[in-house]
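These are the residues of each chain, in order.
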Amino acid sequence: MEQLLSILIGILVASAVYLMLARNLLRFLFGLILLSNAANLTIFVAGRLTPGAPPLVPDGMDAPIGDVANALPQALVLTAIVIGFGLFAFALILAFRAYQSLGTLNTDDMRVAEPKEIKS
Amino acid sequence: MSWYLTLPLIIPFMAAIIAYLLRSSPLGAWVSIIGSGLGLIASVVLMAVVLDAGVVAGQMGNWPAPFGITLVADLLSAVMVLITAITGFAVAIYALGDINERQAKLGYHALFQILLAGVTGAFLTGDLFNLYVWFEVMLIASFGLLILNGGKEQIDGGVKYVALNLISTILFLTGIGLLYGMTGTLNFADLALKVDEVENQGLLTVVAMMFMVAFGVKAAVFPLFFWLPAAYHTPSFSVSAVFAGLLTKVGVYALIRMFTMVFDHDIGFTHTVLLWVACFTMVIGVLGAAAQSDFRKILSFHIISQIGYMILGLALMTPLALVGAVFYLVHHIIVKANLFLIAGIAKRLTGGTEVYQIGGLYKSAPFLAVLFLIPAFSLAGFPPLSGFWAKYIIVKATLDLEMWFVAFIALAVGLMTIYSMTKIWAEAFWKPHPDGIEPELKTLPNKAAQIIPVAGLAILTIIIGLNPEPFVIFAERTTEQLLDPTAYITAVLGDPS
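Quick caveat, the model's predicted, so the values are computed rather than measured. (Residues numbered from 1 in each chain as written. Chains lettered and ligands numbered in written order. Predicted model: local features only at pLDDT ≥ 70, side-chain atom pairs only at ≥ 80, totals over all residues. Heavy atoms only, no water.)

**Some details on the interface of chain A and chain B**
No. 1: Of the residues lining the interface, 37 residues belong to chain A; the matching set on chain B comes to 38 residues.
No. 2: For the pairing of chain A and chain B, the buried interface totals around 3,200 Å² over both sides, and the portion due to carbon and sulfur atoms is 75%.
No. 3: Considering only the surface of chain A that becomes buried against chain B, Leu87, Leu94 and Ala113 of chain A emerge as the three largest contributors, covering 18% of it.
No. 4: Inspection of the chain A/chain B interface yields zero salt bridges.
No. 5: Our enumeration of links across chain A and chain B arrives at three residue pairs in polar contact (both at pLDDT 80 or more).
No. 6: Going through the elements one at a time, α2 (25–46) and α3 (71–102) of chain A are the ones with two or more residues in the side of chain A that touches chain B.
No. 7: Taken together, the residues of the side of chain A that touches chain B sort by class into 24 nonpolar, eight polar and five charged. (Contact = heavy atoms within 4.5 Å. Buried area = accessible area lost by both parts, 1.4 Å probe. Salt bridge = Lys/Arg side-chain N within 4 Å of Asp/Glu carboxyl O. Polar contact = N/O pair within 3.5 Å; in protein donor to acceptor, adjacent residues only side chain to side chain. Helix = DSSP H or I, 4+ residues; strand = E, 2+ residues; numbered from the N terminus. Nonpolar A, V, L, I, M, F, W, Y, C, P; charged D, E, K, R; others polar.)

Here it is in structure tokens:
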């Protein structure tokens, strides 16, 4: 299972890097969301996988019996997903506004803040 | 739970909520000022407690470390929180004269307070994942502030700022995952103990490099700084002042924290990389500044070159060098925020920030000229201002290690800084205004709100410069804590015995 997920993470990162190298801002953003999902999966795998063993404490005990799934990385991933989603939503809106006011999504043409020629 | 650890965080969040509710009324700005003032008092109290106790830690929700959420303040955290509060207070006052009704209505004051809370949280947190969360709080508030005006320039700068910062965030998150996989903990104090037990120390260095890149983007070091000069000259002046003062320094703080306490297993490799990064950052930053002609763009590139000095202090990793890095951090935040605030006043007086198109400030507004000279000379390292001592300690540390070339670079970059400051001085202040305007300070709307914070920060620069001894002694104590984290670990995890 770990190997399979590791390969998946690798594929996600490779596709993300490919997309993020594009000049089109929208492609860059799609790459970004793939990359953030790869990061989330990394945390998930780093917490070790124990299939079919929920971390439940039986009645009258203080700790679960035997090997159970690690709950902490899942909590971390959940937080990371929520934050990542919020940031991505913002980035999408920003890209849309950039297209509206700059008229392009090609990052090479976005030179308003840093014009090539210095005004003198 | 210790109230003095939580108050510096709760106050800005409360202020943010109230300021948001009052965003359509002029009271919103005052809520922000009062909130920052209370935050300043809270951080002074925190500083007093920390000076007395060394390190204080609190477990939120009373979950014992390393399982719960830990807030820790050692001397470095406390001084960063204090300096954040000072800058925040100054900029909150300045905002009275800088932020217009439309920006206030869009929630400027609320976002500003959330930014302060995020920065403070990043300094106070005791575990890595919470550092990530505070980074995000800070980041999302800074996104909002950056594009608040919604003009073409802001959107354009915003795209680059957002894109590069998001990449750094994801790298940071991946690093957290891998480090957790290796050590099973994310608490700084626990990490400091557990990293020694990791079998595969080579992999640990790989993860250390991921953190270095992630924090390096935040700190704007070479070659990861491109978002900074793309964005910092576009928003309102109070926004860029607080960005310039605080945001990159959070990255530097995170680097110092991680690379003294946690990743000290392979100093020969990691800190050599940092040394090269520091030298290139200094040189590239100062050369970039020399090529610019916009008031704020020049200052933005100087942030980068000055970050190089701080990283240099960290890279050398001797006690004296770290003293220099800490001293530099404190000095730089005050000076840099102040210079951006002055750029705002200059813009309102002369109508521009392009230095070739403005002028005449020395003749018509001599007081502003004096106020500019203090932080500008301090930045360049003139005695007896604060920057001189900061540079002196760092250069002394390189000379002690007989790194002549590095010392030469540090001194040469200081010289080049003077060149840029002289350019601003000669163009914006000395030469007559090309359009014949003679702008006077009297004509400035809300004059007091803009002058008082600038003057206050300038006085602080002079105080540190004329009386550096207590600050150096303080930095020495801070460094002792950084190099020997026993007190920190004991405060967080309890006595091991």
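**Some words on helix α1 (residues 3–21) of chain B**
Residues and elements named next belong to chain B.
No. 1: Across its 19 residues, α1 extends 26 Å between first and last C-alpha, which sits within 8% of the 27 Å expected from 1.5 Å per residue.
No. 2: Along α1, the largest kink reaches about 30 degrees and is centred on leucine 9; proline proline 12 follows within four residues of it.
No. 3: Looking only at α1, the buried set comprises Tyr4, Leu5, Thr6, Pro8, Leu9, Ile11, Pro12, Ala15, Ala16 and Ala19.
No. 4: Each element contacted by the buried residues of α1 is listed here: α2 (27–53), β1 (56–60), β2 (69–73), α3 (75–98), α5 (108–124) and α6 (128–146). (Expected span 1.5 Å × (residues − 1). Bend = angle between axes of the 7 residues up to and from the residue. Buried < 20%, exposed > 50% of the residue type's maximum accessible area, 1.4 Å probe, protein only.)

**Focus: the packing of aromatic side chains**
All names here are of chain B.
No. 1: Following the criterion strictly, the structure yields 35 aromatic pairs over all chains and no others.
No. 2: By way of ring pairs, the aromatic residues Phe129, Tyr132, Phe135, Phe172, Phe211, Phe215, Phe259 and Phe263 are connected into one cluster.
No. 3: Its guanidinium or amino end placed over the ring of tyrosine 20, arginine 23 lies 4.2 Å from that ring's centre, counting from NZ or CZ.
No. 4: Looking at lysine 391, its charged tip hangs above the ring of tyrosine 309, at a distance of 4.8 Å from the centre. (Phe/Tyr/Trp six-rings, centres within 6.5 Å; stacked < 30°, edge-to-face > 60°. Lys NZ or Arg CZ within 6 Å of the ring centre and 35° of its normal.)

**Brief notes about the confidence of the model for chain B**
Residue and element names in this part refer to chain B.
No. 1: Looking at chain B, pLDDT values average 88 and 99% of them are 70 or higher.
No. 2: Here helix α15 (residues 361–364) stands out as the least confident element of chain B, with mean pLDDT 82; α5 is the most confident, with 92.
No. 3: Complex prediction metrics read pTM 0.92 and ipTM 0.91. (pLDDT = per-residue confidence, 0-100.)

**Describing the side chain of aspartate 74 of chain B**
No. 1: Looking at the secondary structure, you find aspartate 74 of chain B in the loop between β2 and α3.
No. 2: Setting aside its immediate chain neighbours within four residues, aspartate 74 of chain B contacts Val50, Gly54, Val55, Arg257, Gln481 and Tyr488 of chain B.

**Here's the deal with the nonpolar core**
As a rule of thumb, nonpolar side chains are buried together in soluble globular proteins.
No. 1: Core analysis: the biggest nonpolar cluster contains 216 residues, and Leu128, Tyr161, Phe172, Tyr232, Phe243, Phe263 and Phe372 of chain B have the highest contact counts within it.
No. 2: Per-element tally for this core: the top contributor is helix α14 (residues 319–350) of chain B, with 19 residues.
No. 3: Each residue touching tyrosine 232 of chain B, except ones within four places of it in the same chain, is listed here: Tyr161, Trp227, Ser240, Phe243, Ala244, Leu247, Thr248, Arg296, Ser300, Ile303 and Phe340 of chain B.
No. 4: Listed in part, the six residues of the second largest apolar core include Leu5, Ile9, Ala38 and Val45 of chain A. (Core = buried A, V, L, I, M, F, W, Y, C linked by side-chain atoms within 4.5 Å.)

**Observations regarding the side chain of aspartate 98 of chain B**
Residues and elements named next belong to chain B.
No. 1: With respect to the helices and strands, the residue aspartate 98 is situated in helix α3.
No. 2: The class for aspartate 98 is buried, based on a relative accessible area of 13%.
No. 3: At 3.4 Å, the side chain of aspartate 98 forms a polar contact with the backbone nitrogen of phenylalanine 237.
No. 4: Those residues in contact with aspartate 98 that lie beyond four places of it in its chain are Gln103, Ser236, Phe237, Ser238 and Arg348.

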